[in-house]
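# Examining the three-dimensional arrangement
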Amino acid sequence: MIDRRGFGRVLGLTTGAATVSLTGLPGAQPAAAAPRETAPRDPAAGVHTGFPRLKRIRAGLLDVGYAELGPAHGPAVVCLHGWPYDIHSYVDVAPLLAEQGYRVIVPHLRGHGTTRFLSARTFRNAQQSAIALDVIALMDALKIERAVLAGFDWGSRTADIVAALWPERCTALVSVSGYLVTDREAQQSPIAPRAEHNWWYQYYFATERGRRAMEDPDLRHDLTRFVWDTVSPTWDFDDATFERTAAAFDNPDYAAVVVHNYRWRLGLADGERRYDALEQRLAGRPAIGVPTITLDPERDPFTAPGGGSAYRDRFTGAYEHRTLSGVGHNVPQEAPTAFARAVTDADRLGQGRLTVNQ
């Protein structure tokens, strides 16, 4: 999930089927136990149920499992998922982009799906710079010099970091919820109680009880399903949709990676010295100068008021902000047309072919 501190700061201030073109409007749908409102449905949502056979490649510390669609020599787009999600968040986005001629890469992050650590001795580290370096290593292994990076949740944070620290590798950026680089020092300060409430799972994972829940397959399944229901209140996904993603949580390193990520953010777990220099740079909240489109999903409980004003100063290049009405946390799966359009528009923004809305 996203960064609690940034949210609280603003709150305190106030493979199958036919393809669908990028001309439709975004939408979303319902999901929990009680009566739920509905929102206009994106015609591209739910069109595909899976990817073609996944590929694997050794990259850095990992053997990365990933989906690839589109022409091999097309401009590259790397789509990064969040927690508790997997590559299926992009199951409808990737075909839309491939149809436009992009080479689309959708990797399982470390600890998820078919991605594995190469060595049993490697620390199951999930600090932000380590995950960002996974993306650089993957691009190197695939011989991708530059790509549009697009993500939500952990994926937004990771894409933000690559864009900030290695801008030469980033053609353009699409970041749901804006600037999500974790400020560990700021994380030590409490925020408004209403905002703290949204982060219950982060504090749960800080306990041994929470760790044991993540290691228990049944409890992990129910916990992640509950998160889906609560953070996407208008997404009408079915059980099969959730189960396709939940299979990725059976990765043997899943619990260790997830728990370390949230404990590290709160200063309750150490990272590794090899990443200290990068974390020091990130602690200074480096600006992002690559062309960027930020997306705020209206029905995501983590979306703060202000239309992106809380993070606007962190983006110093060509920039546009969009709010997605009726959409919850899992933006690419709930509103694939809007997300895919943001990717193509960000690419055009980088080429100077899109009017910038400041």
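Residues numbered from 1 in each chain as written. Predicted model: local features only at pLDDT ≥ 70, side-chain atom pairs only at ≥ 80, totals over all residues. Heavy atoms only, no water.

## Notes on the overall build of the chain
For clarity, the cut-off: In DSSP terms, a helix is any run of H or I states spanning at least four residues, a strand is any run of E spanning at least two, and both are numbered starting from the N terminus. Only the protein chains shown count as cover for residues, with accessible areas throughout obtained via the Shrake-Rupley method and a probe of 1.4 Å.
Secondary structure assignment for the chain yields 13 helices and nine strands. Split by element, the accessible area of the chain, about 14,100 Å² in all, is 51% carbon and sulfur.

## Description of the packing of helix α8 (residues 217-231) against helix α9 (residues 239-246)
Which entries qualify depends on this criterion: Axes here mean lines fitted to C-alpha atoms, for a helix over just the part in contact, with angles spanning 0 to 180 degrees between N-to-C directions. An angle counts as roughly parallel when it lies under 35 degrees, as roughly antiparallel when it exceeds 145, as roughly perpendicular when it falls between 65 and 115, and as oblique in every other case. Handedness of a helix crossing follows the sense of rotation of the near helix relative to the far helix, less than a right angle counterclockwise being left-handed and clockwise being right-handed. For this analysis, residues touch if any pair of their heavy atoms sits within 4.5 Å. Under the grouping applied here, Gly and all other residues not named as nonpolar or charged are polar, the nonpolar ones being Ala, Val, Leu, Ile, Met, Phe, Trp, Tyr, Cys and Pro and the charged ones Asp, Glu, Lys and Arg.
Following both chains from N to C, one finds α8 and α9 inclined at 125°, their axes separated by 11 Å at the closest point. By the angle class used here, α8 and α9 are oblique. Note on packing geometry: the crossing formed by α8 with α9 is right-handed. Judged by residue contacts, H221, T224, R225 and W228 of α8 engage D239, T241, F242, E243, T245 and A246 from α9. Residues belonging to the contact of α8 with α9 are distributed by class as follows: three nonpolar, four polar and three charged.

## What about the environment of W228?
Put simply, the rule is: Accessibility here uses a 1.4 Å probe with only protein chains present; expressed as a share of the type maximum, an area under 20% marks a residue as buried, one over 50% as exposed, and anything in between as partly exposed. In the analysis that follows, any N or O atom pair within 3.5 Å is treated as a polar contact, provided that within protein one partner can donate a hydrogen and the other can accept it, and provided that, for residues neighboring in sequence, both atoms belong to side chains.
Structurally, W228 is set in helix α8. Here W228 falls in the buried class, since its relative accessible area comes to 0%. Between the C-alpha atom of W228 and that of Y85, which follows or precedes it by 143 residues, the distance is 8.8 Å. Side-chain polar atoms of W228 contact the backbone oxygen of P84, separated by 2.8 Å.

## Description of the pairing of strand β6 (residues 147-151)
Threshold: What makes two strands pair is DSSP finding at least two bridges between them.
Of all five residues that make up β6, five are buried, and the element is covered over most of its length. Side chains of β6 alternate between two faces, with A147, L149 and G151 and V148 and A150 buried alike. Bridge analysis of strand β3 (residues 76-80) against β6 gives four bridges, and the strand direction is parallel. Bridge pairing links V77 to V148 in β6. For β6 and strand β7 (residues 170-176), the ladder comprises five bridges, and the chain directions are parallel.

## Examining the pattern of salt bridges
Where we set the bar: Any carboxyl oxygen of Asp or Glu within 4 Å of a side-chain nitrogen of Lys or Arg constitutes a salt bridge here.
According to the stated counting rule, one finds 17 salt bridges in the structure shown. R225 serves as the salt-bridge partner of D229, at 3.4 Å between the closest nitrogen and oxygen. Remark: R225 and D229 occur in helix α8; sequence separation between them is four residues, near one turn of the helix. Note that R225 is salt-bridged to D239, the shortest N-O span being 3.1 Å. With R225 in helix α8 and D239 in helix α9, the pair connects residues that are 14 residues apart, well separated along the chain. Put simply, E208, R211, E215 and R263 are held in one network by salt bridges that share partners.

## Section: the nonpolar core
Let me state the cut-off plainly: Only buried residues count toward a nonpolar core. Its members are Ala, Val, Leu, Ile, Met, Phe, Trp, Tyr and Cys residues joined through side-chain atoms within 4.5 Å.
Core analysis: the largest hydrophobic core is formed by 103 residues, its most contacted members being W83, L97, L149, L173, M214, L295 and F339. Those residues in contact with F339 that sit more than four places away from it in its chain are Y90, V93, A150, G151, V174, V176, L295, V331 and P332.

## Considerations on unusual backbone geometry
P84 follows W83 through a cis peptide bond whose omega is 0°. Looking at the secondary structure, you find P84 in the loop between β3 and α2 (93-99). Despite not being glycine, D153 has its phi angle at roughly 60°, a positive value. Turning to its location among the elements, D153 is positioned in the loop between β6 and α4 (154-165).

## Things to note about the packing of aromatic side chains
Selection rule: Planes of paired rings set the category: under 30 degrees apart is stacked, over 60 is edge-to-face and the rest tilted, where pairs are Phe, Tyr or Trp rings (Trp by its six-membered ring) whose centres lie within 6.5 Å. Counting as a charge over the ring demands two things of the Lys NZ or Arg CZ atom: a distance within 6 Å of the ring centre and an angle within 35 degrees of the ring normal.
Throughout the structure, instances matching the rule amount to 25 aromatic pairs. Residues W228 and F237 carry aromatic rings whose centres are separated by 5.1 Å and whose planes lie at 80° to one another, so their mutual orientation is edge-to-face. Taken as a pair, W228 and F237 share a single burial class, namely buried. Connected via pairs of aromatic rings, a cluster forms that spans W83, W154, W199, W200, Y201, Y204, F205, F226, Y262 and F302. Note that R225 overlies the ring of F242, its terminal NZ or CZ placed 5.5 Å from the centroid.

## Examining the confidence of the model for the chain
Put simply, the rule is: The quantity known as pLDDT measures the predictor's confidence residue by residue, on a range of 0 to 100.
In the predicted model, the chain carries a mean pLDDT of 90, and the fraction of residues at 70 or more is 87%. Averaged pLDDT values over the elements of the chain bottom out at 42 in helix α1 (residues 4-13) and peak at 99 in β3. Counting contacts from residues 7-35, a segment whose pLDDT is below 50, to residues more than four positions away or on other chains yields 90 contacts.

## Comments concerning the environment of L54
The residue L54 is located in the loop between α1 and β1 (55-59) in this model. A residue is classified by how much of its surface remains accessible, and L54, at 27% relative accessible area, is partly exposed. Separated by 10 residues in the primary sequence, L54 and V64 place their C-alpha atoms 10.0 Å from one another. Setting aside residues no more than four positions away along its own chain, L54 makes contact with Y66, A67, I87, H108 and T114.

## Side note on helix α11 (residues 276-283)
Applied cut-off: Our arc is simply the arc of the directions from the helix axis toward the C-beta atoms.
Within the span of α11, buried status applies to L278, E279 and L282. Taken down its axis, α11 places every buried residue within 95° of arc, on the same side. Residues of α11 that are exposed and angled more than 90 degrees away from the buried face: A277, Q280 and A283. Along its buried surface, α11 packs onto α3 (128-141), α4 and α10 (254-265). Positive backbone phi, at 50°, marks R285, one or two positions downstream of α11.

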